[in-house]
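Descriptive analysis of the structure
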Amino acid sequence: MALIELRQLNKAYGDVSALAGLDLDVPEACFYGLLGPNGAGKTTALRILATLLAPDSGQVQIDGVDALKDPRSVRRRLGYVAQEVAIDKILTGRELLQLQGDLFHLPRRLRDEQIDDLIDRLAMNEWVDRRCGTYSGGMRRRLDLAAGLLHRPKLLVLDEPTVGLDIESRAAIWELLRELVRDGTGILLSSHYLEEVEALADRMAIIDAGRVIAEGTPEGLKQRLGGDRVTLRIREFSDAAEAERVSALLQPLEGVQQVVVNRAQGFSLNLVIDGDPVVETMRRCLDAEGLPVFALAQSRPSLDDVYLQATGRTLMDAELAVAGQRDVKQERRQSMR
Amino acid sequence: MTSSPLKAAPSLDTDRGALSELSQETFALTRRLFLQLARRPSTLVAGVLQPLIWLTLFGALFAKAPEGLLPGGISYGRFLGAGVIVFTAFSGALNAGLPVMFDREFGFLNRLLVAPLRSRSSIVLASVLYITVISLLQSLAIMATAAALGYGWPGGAGLLLVLVTLLLLVFAVTALSLGLAFALPGHIELIAVIFVANLPLLFASTALAPLAFMPNWMEWLASLNPLTFAIEPIRAAYRGPLDLSEVLLEAPYGDITGFGCLAVLVVLTAGLFLLIRPLLNRKLT
């Protein structure tokens, strides 16, 4: 049985669709990554999982429990670490954890043992008895993670957990997360950082415009694409005409699958090729035409290429496209009760 | 970092009975509000200071008013005491919605709502408990000062009547404020409503002057003002031997006894809680 089963989730805010038929299966004790640009619907999906938001239609099963019918049982099984950390500045970290433990009805002794244990694991000893208002972003995130883990949930849901974190906090969080999965906790983590998902997730889904567009293990997704990626620059700054000329020159070569002129990056060329020997063929061809090579970088396909293949744009372009459209005020209202 | 496995999920199957869970979550939420207060006591202090200034300055303003002007021939300070006590409890309770509003705005409420609360009424209940304690403390501070100024102290049954009356008023106003905290879009709007409601309700009551001093339209206003129904029983409790069947308010629409005043407060409180219930249910599920 899957730990999370989402079926045909739909959710719209006014006439803006956030989720458009989202399907997702997360197995037990799995580190699952949800990758997508800002505005793809990740946060909406996680808020529905956390029972903070009801979908317009669709089904949500968590650990065999229907989240729409029995949200309280789901809340007991689930730890949710939101993106925007809401803390009480006046309380100390320990007091906040005590409050959280009481809201989950932990018996007093167990509550305090769990708190001490998590303070140790997340290296919070030095500052946990200071007021939360004095914490840095990394401290807040660690405190929030501890709060989400107090009742030892079977499923931990993390919304962009390491955005803007210092290296020490990120390392502490990553290590604890890996340990949790080893001990049988399922983790669903959303991120728009490829590196984060790649480093942590056993399985992943790429989500775009409110639906899943690719699903599998990070390795599997990359291998399915096949070929090597090459970025080629003739000069530091080429012009359009020259880029097109080179593109036409390289396209017919054997082993070159695809050539795209990247306008956004000074008319460099992005190629997909069959393997190492093709690079030599390309160099000889350019040489024969008297063209220089300012830079040539070759790499295995990355998750960004998976995203590019599925959507026709890079993750970064997608981010930039939505950056201007986001209405932060509107989003805040949506999350306000 | 330790490498021992994290303990198995203890909370999955703990079901310790509704009452024990309810009291645990309500106590924890109330404790939070009191911790905040202990570390930021300025609202508590201001809530006592303001009515103290009223009592002293307003009392002094009319200190030389001709004797026998007020019903029962009491001094203005004595007359004013009941009004200021009620005003203290009223303005304290009017602020009940503010912490809830801030929790809504900053998203702390979401943290509470992802927890498997036995009943989300505990969020409301914690606010009611907190505000009740605060308002009563503030009122008692004013009563003590009034006594020190020589304005008297209600003995025995009188003190009980004062407390019951204040409790009823505090419940009603807390319900109103909590309702507003969920109905209004943000704390700016809530503070605006509190600001606008506060003083006019004081002036349009019998806190500062008896009905006999007012023009007819104002008499009507004051006789419909809930504050008046709290002020008159307390004034009676200060006056001496307690008789709740005595007429305390000669309103333009008829005479109201002490029991009548209390009944109005009970109905008002119950009505307001019934009124805000659907709103709270909608916002907290």
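Note that the coordinates shown come from a computational prediction; the quantities given were computed from them, not determined experimentally. (Residues numbered from 1 in each chain as written. Chains lettered and ligands numbered in written order. Predicted model: local features only at pLDDT ≥ 70, side-chain atom pairs only at ≥ 80, totals over all residues. Heavy atoms only, no water.)

For chain B, the helix and strand inventory stands at 11 helices and two strands. Reading the secondary structure of chain B in the N-to-C direction produces α-α-α-α-α-α-α-α-α-α-β-β-α. Over its C-alpha atoms, taken along the principal directions, chain B stretches across nearly 85 × 35 × 35 Å. Residues counted as buried form 51% of the 285 residues belonging to chain B. Of the roughly 12800 Å² of accessible surface on chain B, 71% is carried by carbon and sulfur atoms. Distance from the positive charge centre (17 side chains) to the negative charge centre (14 side chains) of chain B: 13 Å. (Helix = DSSP H or I, 4+ residues; strand = E, 2+ residues; numbered from the N terminus. Buried < 20%, exposed > 50% of the residue type's maximum accessible area, 1.4 Å probe, protein only. Areas by Shrake-Rupley, 256 points an atom, 1.4 Å probe, with all protein chains shown as cover. Lys, Arg positive; Asp, Glu negative; His and termini not counted. Charge placed at Lys NZ, Arg CZ, Asp CG, Glu CD.)

Let us now look at the interface of chain B and chain A. Every contact between the two is made by 47 residues of chain B and, on the other side, 45 residues of chain A. Each partner contributes to the roughly 4600 Å² buried at the junction of chain B and chain A, and carbon and sulfur atoms together form 55% of this total. One can count five salt bridges joining chain B with chain A. Put simply, D88 of chain A and R32 of chain B hold a salt bridge, and the shortest N to O gap is 2.6 Å. Counting the contacts that link chain B with chain A gives 14 residue pairs in polar contact (both at pLDDT 80 or more). When contributions to the side of chain B that touches chain A are tallied by element, the ones reaching two or more residues are α1 (18-39), α4 (97-106) and α5 (108-113) of chain B. Top element by residues in the side of chain B that touches chain A is α1 of chain B. It accounts for 10 residues. Among the residues forming the side of chain B that touches chain A, the class breakdown is 22 nonpolar, 10 polar and 15 charged. (Contact = heavy atoms within 4.5 Å. Buried area = accessible area lost by both parts, 1.4 Å probe. Salt bridge = Lys/Arg side-chain N within 4 Å of Asp/Glu carboxyl O. Polar contact = N/O pair within 3.5 Å; in protein donor to acceptor, adjacent residues only side chain to side chain. Nonpolar A, V, L, I, M, F, W, Y, C, P; charged D, E, K, R; others polar.)

Residues and elements named next belong to chain A. Across the sheet, four strands lie side by side as β12-β13-β11-β14; this open sheet has antiparallel pairing. Two strands in the sheet have a free side with no partner beyond their single neighbour: β12 (256-262) and β14 (295-299). Taken pair by pair, the neighbouring strands of this sheet meet at an average axis angle of 15°, ignoring direction. Pairing of strand β11 (residues 228-233) with strand β13 (residues 268-273), which is carried by five bridges, proceeds in the antiparallel orientation. Bridging from a neighbouring strand, L232 pairs with L269 of β13. (Pairing = 2+ DSSP bridges. Axes fitted to C-alpha atoms, helices over the stretch in contact; angles between N-to-C directions.)

Attention now moves to the sheet that holds strand β3 (residues 31-35) of chain A. Residues and elements named next belong to chain A. Ordered by their spatial adjacency, six strands build an open sheet running β6-β7-β8-β3-β9-β10, and the pairing between neighbours is mixed. The open sheet has two edge strands with one neighbour each: β6 (78-81) and β10 (211-216). Across the sheet, the mean angle separating the axes of adjacent strands is 15° when strand polarity is ignored. Packing of helix α11 (residues 303-311) onto the sheet brings it into contact with β3, β9 (203-208) and β10, and relative to β9 it is tilted by some 40°.

Residue and element names in this part refer to chain B. For strand β1 (residues 247-251) and strand β2 (residues 254-257), the ladder comprises four bridges, and the chain directions are antiparallel. The residue bridging E250 from the neighbouring strand is D255, located in β2. Between β1 and the antiparallel strand that follows it, β2, lie two residues.

All names here are of chain A. Where helix α5 (residues 137-149) meets helix α6 (residues 167-182), the axes come as close as 9 Å, and the angle between the chain directions of the two elements is 20°. Overall, the two elements α5 and α6 adopt an arrangement that is roughly parallel. Crossing hand, α5 versus α6: left-handed. Here α5 contributes G138, M139, R141, R142, L145 and L149 to the contact with α6, which in turn contributes E168, S169, A172, I173, L176, L177 and L180. (Parallel < 35°, antiparallel > 145°, perpendicular 65-115°, else oblique. Left-handed = near helix turned anticlockwise from the far one by under 90°.)

To continue, consider the packing of aromatic side chains. All names here are of chain B. If you walk through the whole model with that rule in mind, you get 10 aromatic pairs over all chains. For the pair W54 and F58, a centre-to-centre distance of 5.3 Å together with 35° between the ring planes defines the contact as tilted. One end of the pair is W54 and the other is F58, both in helix α2 (residues 42-61) and four residues apart, which spans about a single turn. The residues W54 and F58 share a single accessibility class, namely buried. The rings of W54, F58, F62, Y76, F79, F87 and F203 are connected pair by pair, giving a single aromatic cluster. Taking the ring centre of F108 as reference, the NZ or CZ of R32 above it sits at 4.0 Å. (Phe/Tyr/Trp six-rings, centres within 6.5 Å; stacked < 30°, edge-to-face > 60°. Lys NZ or Arg CZ within 6 Å of the ring centre and 35° of its normal.)

Taken domain by domain, chain A holds domain 1 (4-222) and domain 2 (227-300). Taking only C-alpha atoms, the centre of domain 1 of chain A and the centre of domain 2 of chain A are 42 Å apart. (Domains from an automatic or database assignment.)

This paragraph deals with the environment of I231 of chain B. Residue position: I231 of chain B is located in helix α10 (residues 226-239). Apart from the residues within four sequence positions on either side, I231 of chain B is in contact with A82, G83, V86, S205, T206 and A207 of chain B.

Right, let's talk about the nonpolar core for a bit. All names here are of chain A. Of all hydrophobic cores here, the largest spans 171 residues; its most connected members are L49, L97, M124, L145, L156, L177 and I187. Sequence-distant contacts of L156, that is, excluding residues within four places in its chain, are made with G79, V81, L145, G148, L149, L177, L180, T185, G186, I187 and L188. A243, V259, L271 and L291 belong to the second largest nonpolar core, which has 19 residues in total. (Core = buried A, V, L, I, M, F, W, Y, C linked by side-chain atoms within 4.5 Å.)

We now examine the confidence of the model for chain A. Of all residues in chain A, 95% have pLDDT values of 70 or greater, and the mean over the chain is 88. Predicted confidence in chain A is weakest over helix α13 (residues 328-335) of chain A, with a mean pLDDT of 66, and strongest over helix α3 (residues 93-103) of chain A, with 97. (pLDDT = per-residue confidence, 0-100.)

All right, on to the pattern of salt bridges then. For the structure shown, the criterion picks out 29 salt bridges over all chains. The salt bridge partner of E21 of chain B is R72 of chain A, with a shortest N-O separation of 3.8 Å. Highlighted residues: E21 of chain B in helix α1 and R72 of chain A in helix α2 (residues 71-77), drawn from two different chains. Notably, a salt bridge pairs D228 of chain A with R300 of chain A, separated by 3.1 Å at the nearest N-O pair. With a gap of 72 residues between them, D228 of chain A in strand β11 and R300 of chain A in the loop between β14 and α11 connect regions that are remote in the sequence.

This brings us to α11 of chain A. Burial in α11 of chain A covers these residues: L303, D305, V306 and Y307 of chain A. By the N-cap criterion, in which a side-chain oxygen at the helix start approaches the backbone nitrogen of a residue two or three places on, α11 of chain A is capped by S302 of chain A, the distance to D304 of chain A being 3.2 Å.

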